[in-house]
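As a plain string of letters, each chain reads:
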Amino acid sequence: MNIRSLTRGDGVVIGAAVLLFIASFLDNYSYDNAPSSLDIPSLWSSGPVLLSVVLAGLIAAALIVVARGLPNPRKIAGLELGAFGVAFAVFAAWSALGNVVDPVGGLDNFGGDNSNAPSAGTGLILALIATLVLAGAAVATPLVPALQAGLVPAPKPPTPQPYGAQPPAGYGYPGGPQPSAFGGQPQPGQPGQPGGQPGGQPGQSPFGAQPGPAQPPAADFSPFWFAVPVPRPLYAEDGAPMPIAELAPGTWYLAVEQGAQGLVAQTQDGRRGVLRDASGIQRG
């Protein structure tokens, strides 16, 4: 599970789940002029509230967060985990609203004086607020760009970059001195050195050797680090239809070349693939 794939909307979902868990230990009912010695049950003491509000809301938050962190979407009965989480969140909010409106259920249908009937307690009201926030964040995250931003800030790309960095002048580098015959270093114009010829012209190869082939011009593409705004699939370079990985927001990836199908990127574990949708990426 990649925590950097979580969004701000997922953070709101986690916060709402924490508030719901705290509210479950508070009073389920509220009595007017009740003595301080009265022991009022919490939400855990009511089976309908526990199942339809507390556990449904906590399960919804867990499904939404786990579905976001998995590299590949998991499905149950043809539906993704995230869709199940959204459905559970809406159900928990609806159930909490019904319990706040009528906290005693059908007990007030027996007639008699209902003036002393209990009302919704602090825990039930906080549970309603938590489930409404939970359901709102679950539904709005795919629709609101501000909630789709990464929850954990993306780290700065490491320096120096492993690709595209210029090596120091020396052996094998076009700008550095090249070894001459018999392992000596060419020093044009200095006698006594292997291959050196007094009065020789700079750039002449020793003993009439032909100069090496010209270096090919540098490619127009320069590797760079980038991050994706939303999860994006990474496909194999052979054009296979199934993705081999998923690029998560908040993580820096290395673009190594521009291919015919899209941007060729390399993941942190060394896998290479094609990012077909490079819109909105952030360059490092």
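The coordinates are above.
Residues numbered from 1 in each chain as written. Predicted model: local features only at pLDDT ≥ 70, side-chain atom pairs only at ≥ 80, totals over all residues. Heavy atoms only, no water.

1. Structural notes on the packing of helix 1 (residues 8–23) against helix 4 (residues 122–140)
The N-to-C vectors of helix 1 and helix 4 enclose an angle of 165°; their axes lie 8 Å apart at closest approach. On the basis of their axis angle, the class for helix 1 and helix 4 is roughly antiparallel. The handedness of the crossing between helix 1 and helix 4 comes out as left-handed. Mapping the contact onto sequence places G9, V12, V13, A16, L19, L20 and A23 in helix 1 and G123, L126, A127, A130, T131, V133, L134, A137 and A138 in helix 4. By residue class, the composition of the contact of helix 1 with helix 4 is 13 nonpolar, three polar and no charged. (Axes fitted to C-alpha atoms, helices over the stretch in contact; angles between N-to-C directions. Helix = DSSP H or I, 4+ residues; strand = E, 2+ residues; numbered from the N terminus. Parallel < 35°, antiparallel > 145°, perpendicular 65-115°, else oblique. Left-handed = near helix turned anticlockwise from the far one by under 90°. Contact = heavy atoms within 4.5 Å. Nonpolar A, V, L, I, M, F, W, Y, C, P; charged D, E, K, R; others polar.)

2. A look at the pairing of strand 10 (residues 272–275)
Look at any regular strand and the pattern is simple: side chains alternate between the two faces of the sheet. In terms of strand pairing, strand 9 (residues 263–266) meets strand 10 through four bridges, oriented antiparallel. Bridging across to strand 10, Q266 finds its partner in R272. Between the antiparallel neighbours strand 9 and strand 10 lie five residues, among them G270 with a positive phi of about 95°. (Pairing = 2+ DSSP bridges.)

3. Quick word on the pairing of strand 9
Residues L263 and A265 point to one face of strand 9 and V264 and Q266 to the other, with burial holding for every one of them. Both strand 8 (residues 253–258) and strand 9 contribute to a ladder of four bridges, which runs antiparallel. Residue Q258 lies in a different strand from strand 9, and its bridge partner there is L263. Counting the residues between successive antiparallel strands, the hairpin from strand 8 to strand 9 contains four residues, one of them, G262, with a positive phi of roughly 160°. (Buried < 20%, exposed > 50% of the residue type's maximum accessible area, 1.4 Å probe, protein only.)

4. Let's talk about the pattern of salt bridges
Summed over all chains, the structure comprises four salt bridges. Among the ionic pairs, R232 bridges to D277, the shortest N-O distance being 3.6 Å. In this pair, R232 sits in strand 6 (residues 232–235) while D277 sits in the loop between strand 10 and strand 11 (282–283), placing the two residues 45 residues apart along the sequence. Residue classification places R232 among the buried positions, given a relative accessible area of 8%. The closest approach of N and O atoms between E257 and R272, which form a salt bridge, is 3.0 Å. (Salt bridge = Lys/Arg side-chain N within 4 Å of Asp/Glu carboxyl O.)

5. A few points about the packing of aromatic side chains
One pass over the structure, following the stated rule, counts four aromatic pairs. Both rings, one in F21 and one in F25, keep their centres 5.1 Å apart while their planes meet at 85°; by these two values the pair is edge-to-face. A residue is classified by how much of its surface remains accessible, and F21, at 40% relative accessible area, is partly exposed. Ring geometry for F25 against W44: centres 5.9 Å apart, planes inclined by 40°, an arrangement best described as tilted. Taken together, the residues F25 in the loop between helix 1 and strand 1 (29–30) and W44 in the loop between strand 1 and helix 2 (47–69) connect sequence positions 19 residues apart. Judged by relative accessible area, W44 falls into the partly exposed class, the value being 35%. (Phe/Tyr/Trp six-rings, centres within 6.5 Å; stacked < 30°, edge-to-face > 60°.)

6. Notes on the packing of helix 2 against helix 3 (residues 81–101)
At their nearest, the axes of helix 2 and helix 3 sit 7 Å apart, and the two run at 155° to each other. Comparing the axis directions of helix 2 and helix 3 gives the class roughly antiparallel. Helix 2 and helix 3 meet at a crossing whose hand is left-handed. Residues V49, S52, V53, A56, G57, I59, A60, L63, I64 and A67 of helix 2 pack against L81, G82, F84, G85, V86, F88, A89, F91, A92, S95, A96 and N99 of helix 3. For the contact of helix 2 with helix 3, the per-class residue count stands at 16 nonpolar, six polar and no charged.

7. Observations regarding the environment of G280
With respect to the secondary-structure elements, G280 resides in the loop between strand 10 and strand 11. Note: C-alpha distance between G280 and P229 (51 residues apart in sequence) is 6.5 Å.

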